[in-house]
Structures are given as structure tokens and as C-alpha cells.
Amino acid sequence: MEPQQFLGDLHVEYIKNLFRKPVYIEHWMAEHLKMNALYWGIGALFLMHHNAEFEKEDVVSFILECYDTRSGGFGSAPRHDAHLLSTLSALQVLKLYDALDAVSAEKRSLTVQFIKGLQLPDGSFEGDRFGEVDTRFVYTAIQSLAILEELTPEIVDPAVNFILRCQNFDSSFGMVPGAESHSAQAFTCLGTLAICHALDKLQNVETLEWWLSDRQVANGGLNGRPEKLPDVCYSWWVLSCLGILDKLNYVDSEKLTHFILSSQNSESGGISDRAGNECDVYHTFFGLAGLSLLGKENLEPIDPIYGLPVNVTKTIKKYPYN
Amino acid sequence: MPQSEPQRESGAFLDGYRTEAGILREHGTKKSKKLSKEAMMLRMKKDAANIRRYRKISDDVLTMKENNVYTENALKLTTQLLDWNPEFYSVWNYRRDILTNYMFVGLDVEKKHKLLVGELMFVLSKLKSFPKCYWIWNHRKWCLMNDERANWSAEMQLVAQFFEVDPRNFHVWQYRRFIVQCMKDGMVSEQGKDLLDFEEFAFTTKMINKDISNFSAWHNRSDLVVKLFANSPEASEEKEDSLRKYLEVFNRKSKKDFLELELNLFQNAIYTDPDDSSVWIYIRWLFGDYFLSDLSFKESVDIINRTYQVISELAQLEKEDNHGRDNQWCLKTQVYLLKQLYKVYKAEGTNDYPEDDARQFLEKRNRLIELDPMRARRYTDFSLTSK
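Being a predicted model, the structure only gives us computed values, none of them experimental. (Residues numbered from 1 in each chain as written. Chains lettered and ligands numbered in written order. Predicted model: local features only at pLDDT ≥ 70, side-chain atom pairs only at ≥ 80, totals over all residues. Heavy atoms only, no water.)

(A) Local environment of the overall build of chain B. Along chain B, the regular secondary structure elements total 17 helices and zero strands. What you see for chain B is a C-alpha radius of gyration of 28 Å, clearly larger than the 21 Å of a compact globule of 387 residues, by over 25%. When its C-alpha atoms are laid out on the principal axes, chain B stretches across 80 × 60 × 35 Å. Within the span of chain B, comprising 387 residues, buried residues form 52% of the whole. Long-range contacts, defined as pairs at least 24 residues apart, comprise 64% of the intrachain contacts of chain B with a sequence gap of at least 6. Carbon and sulfur atoms make up 50% of the accessible area of chain B, which amounts to about 19200 Å² in all. Charge-centre separation for chain B: the mean point of 61 positive side chains lies 7 Å from the mean point of 60 negative side chains. (Helix = DSSP H or I, 4+ residues; strand = E, 2+ residues; numbered from the N terminus. Rg over C-alpha atoms; globule rule 2.2 N^0.38 Å. Buried < 20%, exposed > 50% of the residue type's maximum accessible area, 1.4 Å probe, protein only. Contact = heavy atoms within 4.5 Å. Areas by Shrake-Rupley, 256 points an atom, 1.4 Å probe, with all protein chains shown as cover. Lys, Arg positive; Asp, Glu negative; His and termini not counted. Charge placed at Lys NZ, Arg CZ, Asp CG, Glu CD.)

Right under this line is the structure:
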């Protein structure tokens, strides 16, 4: 009943279909996620070596339409406000198409200002000017600046200190100091440390590695927190952390592969959170990203630090510069 | 509205995109039956009017926002739109700008408070349907930060209501910590702040006793313990016996005595559900550097050995109950304790680490490799000396 073969062709069709003209009300109601969806969808296509399904010009001009002239960042859809989350997705997709040059020098410098301006004195970042603080935003800010090759010690050092303060009693990480550990936050924190060349500052690594590998449950899937159900997206959030720590072999790769493959939809393509559930592009991308980290299905190798193909991230200048 | 199958030309996403197959669904959404072509057309027809309305109001709101229109009517329109789609973060942003630039203007503290109480009621109605939506929680915090008369105890009651529905919603836990911090920020007396931390600590005990597998509560406990060791309120203030014991320990800053008290708590928990990871993770922390570095060599050896003994007894019972199968969490904790014990000996500069413990360590670690092959590699990397 559940598929065990990789259904790549169906996934490609699934993602292409996703960007057709919206027909149902909820298509319109999901506009606040459009830029992220673009990253997940196009990221998935690139992992499957389908780099030319969309015209580069179309993608780039859509992203430029989402540039928010008031703030200098990118919004999730045209006319939506800029936010760090959508700004990183925009930059990631531009980077995938090697199209950062499409952003004028003037706009680009305003984007850098927008991001840097959101850093608070304690090193954290707010997602926009309304004050929400989260290690997700530290990561999105730091990776955005990394893609733009604009990291400086003034930005990096306090950011690293903030991240280290988010490590908990179980050695994993939460959204702010004192917040419960969650594997997606572990990714944003380890990813930030890795981009900032600061992994050597990480404490209690062995306990963290155990916490991460304990996320694998009996059916092979990974969960996000203790005593929670497994979910395909953690194939990325947990596995990327183990990848960053060079401990991918601390989980059972065959069982995890089985879990991801059985969450595919064998009729219309796509991957869901668990077998038998409805698919979405978010789980499709992170399922594929997990398979890529495991070296399965001839997928393009993905960089666990950036969530972009290795052949793309090798063109990013690494911090500290020179 | 398209009457025929939509075109498939590349770049069509410029017109929007469809989530027939979903962008980001609520986790755990069951697969629905595939719609027949007729059913699809019917649904599209039915949705068409809604889409027209939704797009009209979205356009209107975004246009007003772009023109910096700050009026009561604009606020009403954002209410309508957010009622429809509370994830539309740009509209929450616009709403805050309307409040700041128009609604708040000329209001005294009391009138502003009244206005924000109404706003909080609107937010609550959204949170009830979307208890995991970051944008809504964020708006609630923003409201409170703008209200000099914010009613913190009402917010704590709200948290309690949300815990009734889901005691592990991390948004709610985070919100609770935020409220506590706001209460502390409003206090002059340091003693009052410390008392609040202790009340929160007592609350985690309550939550753990209700459900020992509430990991969120164990987490919060660990955070509060560190705070209370730094600063704690006077023990003499506390009437209840069991709580006063903790306070005395915090007052004396005695990590050893704290471990003794916790030994009772976790012993209870591991016997209640030996397969639940929450408490085992907590135990691991109790025997980490934060505590052991404050204990003398003798104290460390003594309490590690006693804890090891407690777990060994449970392991034996578990084995008998489960047809000879070992409980993995017992084993994992045993090897961890043996390793911590090794570190204690090392730090003391003695080579007297018992040979029997070294043998036990290897035996149990090898048993884990057999029992838990998914993680075999981490066990083979795990030795008394591994970092």
C-alpha cells in the first residue's frame, strides 16, 4: 500500500502544479507563505536536478516584485511587508539561479541595512520592526548576510553569544534563552554557529548528539521533541544538525529512508508529514532534503548548514573573510 | 475564474499559486479523498464568490496600508480580513500602525487600557482557533507591552486555560515565561522577583505530578533551578513543608541536598513510566557538571552510586516484567552515570575507579548496541574517555 520506490517524476509534476493559477479560496489565503513556498518548491526541483522547470526571468522578476521599498527587505508576496523569513527565502532562490546581480546595488545595500538594523543589543534579531525575537531570525539574518557576503565581527560575535545562551539543560536549543528545546531551533542555532565559524564554542556536544539521535523513533521517523510523533520535516531539522556535527551515522539511515518514502503520495506526488496524510510542499522539500543528506535516490547533495545544494554553497565566500 | 483546466505554461506562478496539494498544512492532516472532476468544478464555482470577496478586501486593505490610511474604518477592515485569515502578517503589522498612529492618539492611560482590553479579546478569539500561530501570539505580546495597566494575573489565567487543552504547546509555555518576566520587570523588590521564580518552580512540580511525561515542565524546572540557586526568597515565608525544604536548599545553595530531594521526585517518575524519556533527560542533567562540580569527591561518588543502585533495581524489575528484555533508558542512564563517576575519579586525580564499574560500563554499553541497533554507532563512539 505505502510506496517504497522513490517517485521523483511525480514530485516534479506535483511542484509544477503547485504554481499554477489558484482556484480555491485557500490558495489565495496562503499568500503570506508564497516566498517560502518558492524556496521549498524550487529547492526541491534543484535537488531532483530539474533546474529548468521554471524560467529564470519569471522567477527573478517575481522576487523583485516582492521587494519592499519601504524597508529594503523582501516580503512573502508582492505588496506584503518585508520579514527576515521571506528575505532569506528570496535570497536563497536568487542564489540558486545565480541571479543576485538582478538586485541593484542600491537595493542590495538597503537589504543589508534592513537585516543589520534588526539586530538587538543582546545579539538576537527581531523578524521585523515589531519585536518578535527567535533564533529562527538569527539564522535567517546570518545566512542572508552570508549569501550577500556581508558578515562582520560586529554582527557575528553578539549573534554567536546569543545563540550560546539558548542552549538548554538537555544540551539542545530553543527559540530564546529559557525556551524549550526543539529540533528546528537546534538547526537554526547550529547552522548559525557553523556559518559564523564558531562550532568550537559549542558545549556538551556528546549530550547534544545523544539528544539528536534519540529523536529517531521505532518506525524510523524523527520527532521534534521528546515524546512527540515523528514527522518527515524533522528528517531535515534533526539530520542537518547531525550532518553539521558530522554524526549522520548516529541514526538508522535505512529506516529513516523507509519512513520518508512511505510518506510519499503515489497518485499525485508530494510527501506528507507521515504515511496516509495530506502532502504539502514544505514536507516534500524537507523529505527530499533528508534523503539527499543520506545520499539516497541520486539527489543533488545538500549542504546541511545552508539548506542549498553543495554546488551552490561552495560559491559562497566563507566567514571569516580572507 | 478559469472554466477549463488551467494553463501549464512555465512562470504561471506569477498569477498566484495553488495549494491543492498544499504549502504548509496543519501537521497530521489526514489525506482527503481525491475530488472528481465534477466535484472540483463545483467547488471552484462555490469558492469563486469567496475569492472575489477575499481579494477585494485584501486589495483594499493593502492599498490603504500603502497610503498610510489610519482610520477607524481601516481598523475595522483589518478585523474582517484577519477574521478570515489570521496568518496574514502584513495585516497585523498594519493594524499595529493604525493603533499606534491613530487609535492611541490623545488617549489617557485608562482609555488606552480599555481599548487594548478589547484588542486582547479579539486576539483571544483568534488564538482559540489557531493556538500555534506565531503572528497572533506576537500581537498579544505587543498589546501588553503597550498597555501600562496590563492585567498580568488575567494573562496567567488564560495560560492555565490553554494548558487544559494542550499542556505541551510551546507557544503557551513561552508566553507564560514572558508574562512572568513582565511581572518581574514591574516589581521593585528583588525578594518579590525571587518569590515569583519559586512560584513558577512550584508550578512545574504541580505539572509534573499531574503528568510525569510533560517534558515542557521538566525543562522549565531546570531553568528555574539555576535561577533559584543564584537568588531565592526566604524559606521562612513558605508554609508548605515540601516546598519549604526546597527553599531551604536554595537558600543554602546546596546542590547536594537538592539532588537528594530530586532523587525522591525522579524515583517516583521512573517507576510511574520507565519508558518515558522526559525524566531520564532530567536525570542526565542532574548528574552533569552543573551539579557535580559543586560536590566533594566523596559526595559525588556516594550519590552517583546510590542513584545507580536505584536504577539497577528498577532495571531488574523491568526485565522481569518484560520477559527478560532490558529497559533501554535504564541502561542508557547507567552507562552515563558510570562515565560521570569515572570523570569524578579523574578530577580527583586518582586511578581507583573500580574495575567492576569499568566492566559494567562495557557490558551495558554492548548490550545497548544489541538492543538499540538504530543508534549502534553512537554507542561504539561512547567510552569512559570520549569527549
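(B) Up close: the interface of chain A and chain B. Counting from both sides, the interface comprises 86 residues of chain A and, opposite them, 88 residues of chain B. Buried surface at the junction of chain A and chain B, summed over both partners, amounts to about 8500 Å²; 54% is from carbon and sulfur atoms. The partner of Glu180(A) in a salt bridge is Arg168(B), and the shortest N-O contact between them spans 2.9 Å. Our count for the contact surface shared by chain A and chain B stands at 33 residue pairs in polar contact (both at pLDDT 80 or more). Classifying every residue of the side of chain A that touches chain B gives 33 nonpolar, 20 polar and 33 charged. (Buried area = accessible area lost by both parts, 1.4 Å probe. Salt bridge = Lys/Arg side-chain N within 4 Å of Asp/Glu carboxyl O. Polar contact = N/O pair within 3.5 Å; in protein donor to acceptor, adjacent residues only side chain to side chain. Nonpolar A, V, L, I, M, F, W, Y, C, P; charged D, E, K, R; others polar.)

(C) Focus on the nonpolar core. Of all hydrophobic cores here, the largest spans 229 residues; its most connected members are Ile63(A), Phe125(A), Phe258(B) and Phe287(B). Broken down by element, the residue count for this core peaks at eleven residues, all from helix 15 (residues 328-348) of chain B. The residue makeup of this core includes at least three contributed by each of domain 1 (1-17 + 39-150) and domain 2 (256-387) of chain B. (Core = buried A, V, L, I, M, F, W, Y, C linked by side-chain atoms within 4.5 Å. Domains from an automatic or database assignment.)

(D) Expanded view of the domain arrangement of chain B. The domain architecture assigned to chain B consists of domain 1 (1-17 + 39-150) and domain 2 (256-387). Distance from the C-alpha centre of domain 1 of chain B to the C-alpha centre of domain 2 of chain B: 52 Å.

(E) Seen up close, unusual backbone geometry. Residue and element names in this part refer to chain A. Following Tyr319, the chain continues to Pro320 via a peptide bond in cis, the omega torsion being -5°. Tracing the backbone shows Pro320 in the segment after helix 14 (310-313). Its identity as a non-glycine residue notwithstanding, Arg79 has a phi of 75°, on the positive side. The residue Arg79 is located in the loop between helix 4 (56-65) and helix 5 (84-96) in this model. In this structure, Asp246 takes a positive phi of about 60° despite not being glycine. Along the chain, the position of Asp246 falls in the loop between helix 11 (234-244) and helix 12 (253-261).

(F) Representation of the environment of Phe286(A). Residues and elements named next belong to chain A. Within the secondary structure, Phe286 sits in helix 13 (residues 281-293). Taking the C-alpha atoms as reference, Phe286 lies 7.7 Å from Tyr234; in sequence the two are 52 residues apart. Once residues within four sequence positions are removed from consideration, Phe286 is found in contact with Trp40, Val232, Cys233, Ser235, Trp236 and Trp237.

(G) Region of interest: the packing of helix 11 of chain A against helix 13 of chain A. Residues and elements named next belong to chain A. At their nearest, the axes of helix 11 and helix 13 sit 7 Å apart, and the two run at 35° to each other. Helix 11 and helix 13 meet at a crossing whose hand is left-handed. For the pair helix 11 and helix 13, the contacting residues are Ser235, Trp236, Trp237, Leu239 and Ser240 in the first and Tyr282, Phe286, Ala289, Gly290 and Leu293 in the second. When its residues are assigned to classes, the contact of helix 11 with helix 13 shows seven nonpolar, three polar and no charged. (Axes fitted to C-alpha atoms, helices over the stretch in contact; angles between N-to-C directions. Left-handed = near helix turned anticlockwise from the far one by under 90°.)

(H) Quick peek at helix 7 (residues 135-147) of chain A. Counted at 1.5 Å a residue, the expected span for helix 7 of chain A with its 13 residues is 18 Å, and the 18 Å between its end C-alpha atoms agrees. Where helix 7 of chain A terminates, the next one or two residues include Glu149(A), which has phi positive at roughly 55°. (Expected span 1.5 Å × (residues − 1).)

(I) Broad picture of the UniProt feature "domain: Prenyltransferase alpha-alpha toroid" (unreviewed entry) in chain A. Mapped onto the present numbering, the UniProt feature "domain: Prenyltransferase alpha-alpha toroid" (unreviewed entry) falls at residues 9-307 of chain A. Annotated as residues 9-307 of chain A, this span is 49% helix and 2% strand, and its ends, taken at the C-alpha atoms, are 22 Å apart. (UniProt positions renumbered as here; feature names shortened; annotations may be inferred.)

(J) Region of interest: the environment of Val279(B). Residue and element names in this part refer to chain B. With respect to the secondary-structure elements, Val279 resides in helix 12 (residues 277-286). Note on Val279: relative accessible area 0%, which makes it buried. When the C-alpha atoms of Val279 and Met156 are compared, they prove to be 26 Å apart, with 123 residues separating the residues in sequence. Apart from the residues within four sequence positions on either side, Val279 is in contact with Trp218, Phe266, Ala269 and Ile270.

(K) Inspection of the confidence of the model for chain B at higher detail. Residue and element names in this part refer to chain B. Mean pLDDT over chain B: 91, with 91% of residues reaching 70 or higher. When mean pLDDT is taken per element in chain B, helix 3 (residues 89-103) scores highest with 98 and helix 1 (residues 37-66) scores lowest with 90. In this model residues 1-21 is a low-confidence stretch, pLDDT under 50, and it forms 70 contacts with partners more than four residues away in sequence or in other chains. In the predicted complex, the global pTM is 0.94; the interface-specific ipTM is 0.95. (pLDDT = per-residue confidence, 0-100.)

(L) Here's a closer look at the pattern of salt bridges. Residues and elements named next belong to chain B. Enumeration according to the criterion identifies 43 salt bridges over all chains in this entry. Across the salt bridge formed by Lys193 and Glu190, the nearest N and O atoms sit 3.6 Å from each other. Taken together, the residues Lys193 and Glu190, both in helix 8 (residues 190-210) and three residues apart, mark about one turn of the helix. A salt bridge links Lys256 to Glu260, with the nearest nitrogen and oxygen atoms 3.8 Å apart. With a gap of four residues between them, Lys256 and Glu260 both fall in helix 11 (residues 255-272), about one helical turn apart. A relative accessible area of 23% means that Glu260 is categorised as partly exposed. Among the ionic contacts, a cluster of salt bridges with common partners joins Arg252, Lys256, Asp257, Glu260, Asp302 and Arg306.

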